Amino acid sequence: MRIAFYQLVLFINTATQHDVYYDAAKVILKNIRQIPHCSITDVAEMCYVSPATISRLCRKLNFESFIDFKTTVSLSIEQFNNVYENIYFPNSKSLTTTLDNGKAILSAHHDSVIHTIDRVYEMIDDRQINQLVDLIHDARRIIFLGYYYSQNTTMQLQIELAYLGKECFGLFDEKGQLEILQEATQDDLVILSSMTGKFIEQSSEVIRLFKNTQAHKVIITQSVEDTFKDQFDLFINLGGPKDSLISKFSLTYLFEIIEMFYHIKYTQSH
């Protein structure tokens, strides 16, 4: 969801040097609404760089090509223009979203969050969580895969595991994820989080290595597409409206449960 925006903002905010790629990324983000209607030459002229530089920037942003980037920008803009109520209030069928109705907006959002947590609570199988914490405990290294928000959400769990001497990797860039996957062995555990399923659909090379790695594999998603779930040690499907921004609460809640189970089972005896 809004992947093009996340990738651009992440690239700009984590840039170690302000070079032509940094400057071009800022120009593209500022003019993002124009990108779906531009050719690579148009974007290059907009940024005062060559088309080859734009192609390299797209790869730095983890897109296979400018066409891939342009398509994702179009989808991201479409998601911004999606029916607002479906994104923030997936459980409210009729709501007038004006600030004149502020308390009702707060109430609807509160209800959506609570409904989401209740649904996840009902769907989570504590036996799966126990199996997952055992996999984490027995693994030599824990490798987290996903887009920026998913990776950021794992940090609290990584801190808990680091305290216990576990080596964890939650790399944000695709190149780093590819490299660590290539090194993974049967003693490692790879946990992929993709609530909307977009990471599974769009990060083709990462997913190919993920499927083929000898490491133990766990996938966490809210997408209903689970046709290849038998290829993993664990498939945790949280269900729900996958295009809603409320889904971030599902992932945060799940990782806090994993951390809590791990703490109870292993940290207290450490």
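For the structure given in this document, a descriptive report is provided here. (Residues numbered from 1 in each chain as written. Predicted model: local features only at pLDDT ≥ 70, side-chain atom pairs only at ≥ 80, totals over all residues. Heavy atoms only, no water.)

**A few points about the overall build of the chain**
For step 1, the next point in the chain: Helix and strand counts for the chain come out as 14 helices and five strands.
For step 2, the next point in the chain: Taking the intrachain contacts of the chain between residues at least 6 apart in sequence as the baseline, contacts between residues at least 24 apart amount to 68%.
For step 3, the next point in the chain: Per element, the accessible surface of the chain, about 14,000 Å² overall, is 51% carbon and sulfur. (Helix = DSSP H or I, 4+ residues; strand = E, 2+ residues; numbered from the N terminus. Contact = heavy atoms within 4.5 Å. Areas by Shrake-Rupley, 256 points an atom, 1.4 Å probe, with all protein chains shown as cover.)

**Thoughts on the sheet that holds strand 4 (residues 216-221)**
For step 1, the next point in the chain: Read from one edge of the open sheet, five strands run 2-1-3-4-5, paired in parallel fashion. If you trace the sheet from one side to the other, it starts and ends with strand 2 (167-169) and strand 5 (234-237), each paired once. Sheet twist, expressed as the average angle between the axes of neighbouring strands with direction ignored, equals 15°.
For step 2, the next point in the chain: Pairing of strand 1 (residues 141-145) with strand 3 (residues 189-194) involves four bridges; the strand directions are parallel. Bridge pairing in strand 3 places Phe144 opposite Ile191.
For step 3, the next point in the chain: Across the face of the sheet, helix 8 (residues 126-138) comes into contact with strand 1, strand 3, strand 4 and strand 5 while running at roughly 135° to strand 5.
For step 4, the next point in the chain: Taken strand by strand, helix 11 (residues 174-183) contacts strand 1, strand 2 and strand 3, and its axis lies near 145° from that of strand 1. (Pairing = 2+ DSSP bridges. Axes fitted to C-alpha atoms, helices over the stretch in contact; angles between N-to-C directions.)

**Topic: the packing of helix 11 against helix 13 (residues 204-212)**
For step 1, the next point in the chain: Where helix 11 contacts helix 13, the axes come no closer than 10 Å and their chain directions differ by 15°. Taken together, the axes of helix 11 and helix 13 lie roughly parallel to each other. As helix 11 packs across helix 13, the resulting crossing turns out to be left-handed. Between helix 11, through Glu174, Gln177, Leu178, Leu181 and Gln182, and helix 13, the contact on the second element is made entirely by Glu205, Val206, Leu209 and Phe210.
For step 2, the next point in the chain: Each residue belonging to the contact of helix 11 with helix 13 can be placed in one class, and the counts come to five nonpolar, two polar and two charged. (Parallel < 35°, antiparallel > 145°, perpendicular 65-115°, else oblique. Left-handed = near helix turned anticlockwise from the far one by under 90°. Nonpolar A, V, L, I, M, F, W, Y, C, P; charged D, E, K, R; others polar.)

**Let's talk about the packing of helix 3 (residues 40-47) against helix 4 (residues 51-60)**
For step 1, the next point in the chain: At a minimum axis distance of 8 Å, the contact between helix 3 and helix 4 shows a crossing angle of 100°. Between helix 3 and helix 4, the crossing angle belongs to the class labelled roughly perpendicular. Here helix 3 contributes Ile40, Thr41, Val43, Ala44 and Cys47 to the contact with helix 4, which in turn contributes Pro51, Ile54 and Ser55.

**Regarding the pattern of salt bridges**
For step 1, the next point in the chain: One pass over the full model with this rule turns up six salt bridges.
For step 2, the next point in the chain: Here Arg140 makes a salt bridge to Asp188, at a shortest N to O gap of 3.2 Å. Of this pair, Arg140 sits in the loop between helix 8 and strand 1 while Asp188 sits in the loop between helix 11 and strand 3, and the two are 48 residues apart along the sequence.
For step 3, the next point in the chain: Given the relative accessible area of 0%, Asp188 is considered buried.
For step 4, the next point in the chain: When the shortest N-O distance is used, the salt bridge between Arg208 and Glu205 registers 2.7 Å. With Arg208 and Glu205 both in helix 13 and three residues apart, the pair spans about one turn of that helix.
For step 5, the next point in the chain: A relative accessible area of 32% places Glu205 in the partly exposed class. (Salt bridge = Lys/Arg side-chain N within 4 Å of Asp/Glu carboxyl O. Buried < 20%, exposed > 50% of the residue type's maximum accessible area, 1.4 Å probe, protein only.)

**Side note on the pairing of strand 3**
For step 1, the next point in the chain: Counting buried residues in strand 3 gives six out of six residues, a clear majority hidden from the surface.
For step 2, the next point in the chain: Neither face of strand 3 is left uncovered, since the one carrying Leu189, Ile191 and Ser193 and the one carrying Val190, Leu192 and Ser194 both have all their residues buried.
For step 3, the next point in the chain: As paired strands, strand 3 and strand 4 are joined by six bridges and run parallel to one another. Looking at the pairing, Leu189 lines up with His216 of strand 4.

**Let's talk about a positive patch on the surface**
For step 1, the next point in the chain: Taken together, Arg56, Arg59, Lys60 and Lys175 make up a surface patch of like positive charges.
For step 2, the next point in the chain: Looking at the positive patch, the element that brings in the most residues is helix 4, giving three residues.
For step 3, the next point in the chain: Summarising the element assignment, Lys60 is placed in helix 4.
For step 4, the next point in the chain: According to the relative accessible area criterion, Lys60 is partly exposed, its value standing at 44%. (Patch = residues over 30% accessible without salt bridge, like charges linked within 9 Å, V, L, I, M, F, W, Y side chains within 5 Å. Lys, Arg positive; Asp, Glu negative; His and termini not counted. Charge placed at Lys NZ, Arg CZ, Asp CG, Glu CD.)

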